[in-house]
Amino acid sequence: MKDAKVRLYVEHPLGAGQSVPLERDQAHYLFGVMRLSVGAHILLFNGTDGEWRAEVVQAGKRAGELVCVEQTKPLQMPPDLWLIFAPIKKARTDFIVEKAAEMGAARIMPVQTEFTNSERIRQDRLQAHAVEAAEQCGGTYVPEVTNLQKLDKLLAEWPEERQLMFCDEAEVGSAKRLGAAEGGKWAILIGPEGGFSPAERKRLHAHPQTHVVALGPRILRADTAAVAAMTIWQQSLGDWV
Ligand code: SAH
């Protein structure tokens, strides 16, 4: 099997002739599940060195080693877009993280808002979902999933040069669009099932970098809204050229 169908994220430098040791679960996946053996080729990326075709030189049950042969893609950074969202039910939160990675978010940031139901997230699990999505979609970059933080705190420390696309369900059906905004550093904000509180809305409206946007004439679920908002942003300001 030389056609390198398997794509794997590794936390190791990649370069011509570089040897890459495998972790136990990776060895299990490649040699146990995918049944690859010495001589097989797979694709590797690490979020910084682009994508490399690599050959299996050692295949064991719990360990293994690959050697990089040639670069197959340069590193392609996504636009500087943060997706900020209030976590909802587990499966839907997983969906948001997976889609954000596929859609080209640079950073995925769960926030706790007044009406957020969940008070905890498993950051490591969500990060693993982002890795899997990057492996699957051909991306060479893995967005960082940050820990849950309070929306108020994030807004209080908001970086001056970053624009905020605030998707506000109170604008449902209105004509509020992204309009003629410029690219650069951006964030998209999606609320929880319960929406934003009046106090949060006031605060967001008062922020000088806020662009209030309506996502059509229907109220979308948060997971749908996240994908819709990223589509609009990528199409008008991002890398969908
Ligand atoms: N329970 C709320 C809806 C929350 S929908 C209500 O009935 O009003 C979850 C999130 O998706 C919202 O906070 C908002 O960020 C986004 N959203 C959903 N539909 C939207 C729309 N038509 N316009 C703008 N944002 C929307």
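Residues numbered from 1 in each chain as written. Predicted model: local features only at pLDDT ≥ 70, side-chain atom pairs only at ≥ 80, totals over all residues. Heavy atoms only, no water.

J.: Account for the side chain of arginine 201, naming residues and giving values.
T.: With respect to the helices and strands, arginine 201 occurs in helix α5 (residues 198-206). Here arginine 201 falls in the buried class, since its relative accessible area comes to 18%. The contact partners of arginine 201, leaving out residues within four places of it in the chain, are Phe166, Asp168, Glu169, Ala170 and Phe196. (Helix = DSSP H or I, 4+ residues; strand = E, 2+ residues; numbered from the N terminus. Buried < 20%, exposed > 50% of the residue type's maximum accessible area, 1.4 Å probe, protein only. Contact = heavy atoms within 4.5 Å.)

J.: How would you summarise the nonpolar core if you had to cite specific residues and measurements?
T.: Residues Leu83, Met165, Trp186, Ile188, Ile190 and Trp233 are the most contacted members of the largest nonpolar core, which totals 37 residues. Those elements that place two or more of their residues in this core are β6 (81-85), α2 (90-103), α3 (123-137), β10 (163-167), β11 (186-190) and α6 (222-237). Among the elements that make up this core, the one with the highest residue count is α6 (seven residues). Those residues in contact with tryptophan 233, other than ones at most four positions away along the chain, are Pro79, Leu81, Met165, Leu178, Gly184, Trp186, Ile188 and Gly238. Grouped together as the second largest cluster of nonpolar side chains are 18 residues, Val10, Trp52, Ala54 and Leu66 included. (Core = buried A, V, L, I, M, F, W, Y, C linked by side-chain atoms within 4.5 Å.)

J.: Tell me what's going on with the packing of aromatic side chains, and back it up with residues and numbers.
T.: Across all of its chains, the model carries three aromatic pairs by this definition. Centre to centre, the rings of tryptophan 82 and tryptophan 158 are 5.8 Å apart; their planes meet at 75°, and the pair counts as edge-to-face. Of this pair, tryptophan 82 sits in strand β6 while tryptophan 158 sits in the loop between α4 (151-156) and β10; the two residues are 76 residues apart in sequence, bridging distant segments of the chain. Like tryptophan 82, the residue tryptophan 158 is buried in the burial classification. Ring geometry for phenylalanine 166 against phenylalanine 196: centres 5.0 Å apart, planes inclined by 85°, an arrangement best described as edge-to-face. Of this pair, phenylalanine 166 sits in strand β10 while phenylalanine 196 sits in the loop between β11 and α5, and the two are 30 residues apart along the sequence. Across the pair, exposure class does not vary: phenylalanine 166 and phenylalanine 196 are buried alike. The lysine or arginine in question, arginine 7, covers the ring of phenylalanine 45, its NZ or CZ lying 4.4 Å from the ring centre. (Phe/Tyr/Trp six-rings, centres within 6.5 Å; stacked < 30°, edge-to-face > 60°. Lys NZ or Arg CZ within 6 Å of the ring centre and 35° of its normal.)

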